[in-house]
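If you want the building blocks of each chain, they are given just below.
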Amino acid sequence: AMEKDHIDLFLEGLDLPGLDPEVEGIVDRINGIARRVKRELEETLDEFKLTHGEWQVLASLRIGGEPWCRSPGDLAERLELSSGAMTNRIDRLEQAGLVARHPDPKDRRGIQVELTDKGRQMYEDSVSAQAAKEALIAGALTKAEQQELNALLRKVMLAAEKRDPAAWKKKKP
């Protein structure tokens with residue numbers, strides 16, 4: 001007999017018309033895992049004294065590749081923020097020594113926000129710490145099971161993206 005989780009126990013007592021317990025189980029488990037991963041990410045960011053928004057700015061700079069700089073406008077657009085909100089994040093990151101502002105060599109009126117060595121290291125260390133926590137979750141599965149689950153979730157994600165392409169167009173993981 002398969003071991004039951006709290007969702008199985010919840011679904012056993014549920015008898016509602018139009019409710020498919022398999023579908024409900026999938027959605028509830030995905031949501032529950034997502035909440036746990038989010039909570040662990042919040043703990044990781046607290047350890048590094050970063051807000052989620054600040055971490056997103058560091059990610060946008062680091063993932064963009066060398067020379068690890070972008071304009072504030074580009075960062076705001078990528079993160080779907082107002083210029084004021086982006087300025088606040090950049091100010092806090094600059095005060096912490098994680099980013100630096102420099103004149104834009106291509107536009108003398110503009111500036112570039114550059115990831116400092118300290119900022120790059122902070123981002124990479126926080127990603128490594130979070131990856132270790134996520135590996136504990138995925139560690140419940142063998143490598144083959146992880147690949148199978150990824151394939152199944154990809155199939156579900158593609159179907160969701162096709163149903164509402166506009167909602168997924170600008171979204172980044």
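Residues numbered from 1 in each chain as written. Predicted model: local features only at pLDDT ≥ 70, side-chain atom pairs only at ≥ 80, totals over all residues. Heavy atoms only, no water.

### Here we look at the pairing of strand β3 (residues 107–115)
Two faces make up the sheet, and in a regular strand the side chains alternate between them.
Reasoning step 1: For strand β1 (residues 69–70) and β3, the ladder comprises two bridges, and the chain directions are antiparallel. In the strand pairing of β3, R70 is matched with V113.
Reasoning step 2: Here strand β2 (residues 99–104) hands over to β3 after two residues, the two strands then running antiparallel side by side. (Pairing = 2+ DSSP bridges. Helix = DSSP H or I, 4+ residues; strand = E, 2+ residues; numbered from the N terminus.)

### With respect to the packing of helix α3 (residues 52–63) against helix α5 (residues 83–95)
Reasoning step 1: At a minimum axis separation of 10 Å, α3 and α5 run at an interaxial angle of 85°. Accordingly, the angle class assigned to the pair α3 and α5 is roughly perpendicular. In contact with G53, E54, Q56, V57 and L58 of α3, α5 contributes M86, R89, R92 and L93.
Reasoning step 2: Grouping the amino acids of the contact of α3 with α5 by side-chain chemistry returns four nonpolar, two polar and three charged. (Axes fitted to C-alpha atoms, helices over the stretch in contact; angles between N-to-C directions. Parallel < 35°, antiparallel > 145°, perpendicular 65-115°, else oblique. Contact = heavy atoms within 4.5 Å. Nonpolar A, V, L, I, M, F, W, Y, C, P; charged D, E, K, R; others polar.)

### Considering helix α2 (residues 21–47)
Reasoning step 1: Given a rise of 1.5 Å per residue, 27 residues ought to cover 39 Å, and the 39 Å separating the end C-alpha atoms of α2 matches this to within 8%.
Reasoning step 2: Buried residues along α2 sit against α1 (6–12), α3 and α6 (117–138).
Reasoning step 3: K49 lies just past α2 and shows a positive phi near 55°. (Expected span 1.5 Å × (residues − 1).)

### Here's the deal with a nonpolar patch on the surface
Reasoning step 1: A contiguous nonpolar surface patch, about 540 Å² in accessible area, is contributed by V23, I26, V27, I30, L141, L149 and L153.
Reasoning step 2: Within the residue set of the nonpolar patch, elements represented by two or more residues are α2 and α7 (143–163).
Reasoning step 3: Looking at which element gives the most residues to the nonpolar patch, the answer is α2, with four residues.
Reasoning step 4: Considering the arrangement of structural elements, one finds I30 in helix α2. (Patch = residues over 30% accessible without salt bridge, like charges linked within 9 Å, V, L, I, M, F, W, Y side chains within 5 Å. Areas by Shrake-Rupley, 256 points an atom, 1.4 Å probe, with all protein chains shown as cover. Salt bridge = Lys/Arg side-chain N within 4 Å of Asp/Glu carboxyl O.)

### Considering the side chain of T44
Reasoning step 1: You can see T44 is positioned in helix α2.
Reasoning step 2: A polar contact of 2.7 Å, which involves the side chain of T44, links it to the side chain of Q130.
Reasoning step 3: Setting aside residues up to four positions removed in sequence, T44 forms contacts with S126, A129, Q130 and K133. (Polar contact = N/O pair within 3.5 Å; in protein donor to acceptor, adjacent residues only side chain to side chain.)

### Looking at the nonpolar core
Reasoning step 1: L50 and L58 are the most contacted members of the largest nonpolar core, which has 22 residues in total.
Reasoning step 2: Looking at this core, the element that brings in the most residues is α3, giving five residues.
Reasoning step 3: If we ignore the near neighbours within four places in the chain, the residues touching L50 are L45, W55, L58, L93, L98 and M122. (Core = buried A, V, L, I, M, F, W, Y, C linked by side-chain atoms within 4.5 Å. Buried < 20%, exposed > 50% of the residue type's maximum accessible area, 1.4 Å probe, protein only.)

### A word on the environment of A96
Reasoning step 1: Relative to the helices and strands, A96 resides in the loop between α5 and β2.
Reasoning step 2: Once the C-alpha coordinates of A96 and G119 are considered, the two residues, 23 residues apart in sequence, prove to be 8.7 Å apart.

### So, the packing of α3 against α6
Reasoning step 1: Where α3 meets α6, the closest approach of the two axes is 10 Å, and the angle between their N-to-C directions is 105°. Classified by the interaxial angle, the pair formed by α3 and α6 is roughly perpendicular. Facing W55, L58, A59, R62 and I63 of α3, the residues of α6 in contact are G119, R120, Y123, E124, S126 and V127.
Reasoning step 2: Among the residues making up the contact of α3 with α6, the classes are represented as six nonpolar, two polar and three charged.

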